[in-house]
Amino acid sequence: MDKWDRRFVELAAHIATWSKDPSTQVGCVVVGPDREIRSTGFNGFPRGIEDSEARLTDRDQKYPLICHAEENAIMHAARVGVSLKSCVAYVTWPPCTRCARSLIQAGVREVCFPAGLEIPERWLEDFDLSTHMLAESGVLVRQVG
């Protein structure tokens, strides 16, 4: 891993700690062609939803309420008028299919996440599908480390 990869993955990991829900701490840093940070995001609840409202017992019920790190970064960039076309998204966890679609639509050219992650079996199929979606769309998926 080169120093820039390490720096942005570490920054994404730090941003992940801002999440309200420790079980879904994922951070995203979107970097432009000149290594400038264009946007950041972390998993959390969408604006207007109170933490106490979102704490449901069934994780499947809670899942739709969670705003994913990549989508948070994309929404932030849209709010401030920043283009993510041809950028690199550094994330602490491989994107799910939902986030993969968002990254493709935003025009991100590369997605990087740490190598050696132990992905739970229940998520393997979704991550395989998202990686395939990204590759088919011309988005490079790279593990760093």
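For the structure, see preceding data.
A brief structural summary. Note that the structure is predicted; figures quoted are calculated from it, not measured.

**Re the side chain of S130**
Position of S130 relative to the elements: it lies in helix 6 (residues 121-136). Given the relative accessible area of 1%, S130 is considered buried. Excluding its chain neighbours within four sequence positions, the residues that come into contact with S130 are P95, C96, T97 and A100.

**Focus on the environment of F113**
Tracing the backbone through its elements, the reader meets F113 in strand 4 (residues 110-114). Sequence separation between F113 and V144 is 31 residues, and the spatial gap between their C-alpha atoms is 6.0 Å.

**Re the packing of helix 4 (residues 69-80) against helix 5 (residues 97-106)**
At a closest axis distance of 8 Å, the pairing of helix 4 and helix 5 adopts a crossing angle of 30 degrees. Overall, the two elements helix 4 and helix 5 adopt an arrangement that is roughly parallel. Handedness of the crossing formed by helix 4 with helix 5: left-handed. The residues of helix 5 that touch helix 4, namely those facing E70, E71 and I74, are R98, C99, S102, L103 and A106.

Criteria and cut-off values
Residues numbered from 1 in each chain as written. Predicted model: local features only at pLDDT ≥ 70, side-chain atom pairs only at ≥ 80, totals over all residues. Heavy atoms only, no water. Helix = DSSP H or I, 4+ residues; strand = E, 2+ residues; numbered from the N terminus. Buried < 20%, exposed > 50% of the residue type's maximum accessible area, 1.4 Å probe, protein only. Contact = heavy atoms within 4.5 Å. Axes fitted to C-alpha atoms, helices over the stretch in contact; angles between N-to-C directions. Parallel < 35°, antiparallel > 145°, perpendicular 65-115°, else oblique. Left-handed = near helix turned anticlockwise from the far one by under 90°.

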